[in-house]
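An overview of the molecular structure
What follows is the residue order along each chain.
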Amino acid sequence: MQGFGVDIGGSGIKGCVVDLDRGELVGERVRIPTPQPALPAPVYGVVADIVGQFGWEGRIGVTYPGVMKHGVAFTAANMDHSWIGTDMASGLEAVIPGTVQTLNDADAAGIAEMAYGAGRGERGLVLMLTFGTGIGSALFIDGQLVPNTEFGHIEVDGADGEKAASAAAREREGLSYPAWAKRVDRYLDTLEMSLWADLIIVGGGVSKKAEKWVPLLSTRTRVVPAQLLNDAGIVGAALAAEQHIGQ
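This structure is a prediction, so every number in the text was calculated from the model and none was measured. (Residues numbered from 1 in each chain as written. Predicted model: local features only at pLDDT ≥ 70, side-chain atom pairs only at ≥ 80, totals over all residues. Heavy atoms only, no water.)

Here we look at helix α6 (residues 177-192)
Note the threshold: Every helix listed is a DSSP run of H or I at least four residues long, and every strand listed is a run of E at least two residues long, numbered separately from the N terminus. Each residue after the first adds 1.5 Å to the expected span of a helix. Whether a residue is buried, partly exposed or exposed follows from its accessible area with a 1.4 Å probe, protein chains only, as a fraction of its type maximum: under 20%, in between, or over 50%, in that order. Contact between two residues is taken to exist if any of their heavy atoms lie within 4.5 Å; hydrogens are not considered.
For α6, built from 16 residues, the straight-helix expectation of 22 Å at 1.5 Å per residue is met to within 8% by its first-to-last C-alpha distance of 22 Å. Listing the buried residues of α6 in full gives Tyr177, Trp180, Ala181, Val184, Asp185, Tyr187, Leu188, Thr190, Leu191 and Glu192. Buried residues along α6 sit against β9 (125-131), β10 (135-141), β12 (155-156), α4 (161-165), α5 (167-172) and β14 (199-203).

In structure tokens:
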């Protein structure tokens, strides 16, 4: 069975056909730089371009880096604020031939990891954290998604946790992996004051270098790197659209 997923990010928008039996991309994904400013209409145009390049006319899943409820964007922490209140699903359906399911980008990555990757077969409370421009989160209880958690915005030392512990903060400040790992540790310690997870899966680009920082964490919860890496958002979006997850 095949599906189609599109992953909208701050720097790039990427999409591909997905083999939903294996959780793998079918062929090469298409990536187009995110329009700047990333206003709704130009972003819709890029999504339509990507879908058109594959000739896909069925249902698609599309991620968004913020809270999504019933197709509408409710937050825009790392996007243009004009997104807030925008009916993204309807906007996309006006420019592509198929129907659209929208969902939070971290939720999509978590769905993929739970179905095909590091969370496969895991029960209990599983938390997926994606480290990028901010920190995205996806929470699962016995494999069932609790949508739209925003744990990147928990307060750590008087500011959003993602301000100091995101991958963007590491790059911006030129931090070594050991120095950054101390910040991630502090963020996780604060998170664990209120959340007793059984497993934490860490994703985002920095998961490729997991050996440089994950072993340095002192968190009480077992932490493992994501397995689908940069394909997780696309795969999870396609699966969510097929199974109507996270609406």
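That shown, we press on.
What about the sheet that holds strand β11 (residues 144-146)?
The line we're drawing: By definition, two strands form a pair when at least two bridges between them are found by DSSP. Fitted lines through C-alpha atoms give the axes, limited to the stretch in contact for helices. The angle between two N-to-C directions lies from 0 to 180 degrees.
Strand order in the open sheet made by the five strands is β11-β10-β9-β14-β15, with mixed pairing throughout. Each having just a single partner strand, β11 and β15 (223-225) make up the two edges of the open sheet. Here the average twist between neighbouring strands, direction ignored, is 30°. Pairing geometry for β9 and β10, over seven bridges, is antiparallel.

With respect to helix α7 (residues 232-243)
Under the 1.5 Å per step criterion, the end-to-end length of α7 is 16 Å for twelve residues, consistent within 8% with the ideal 16 Å. In terms of burial, α7 is largely enclosed, as ten of its twelve residues are buried. Those residues of α7 that sit buried are Ala232, Gly233, Ile234, Val235, Gly236, Ala237, Ala238, Leu239, Ala240 and Ala241. Of the surrounding elements, those touching the buried residues of α7 are β1 (2-8), β2 (12-19), β3 (24-25), β5 (60-64), β8 (100-104) and α3 (105-116). In the segment just after α7, His244 is the residue with positive phi, at about 55°.

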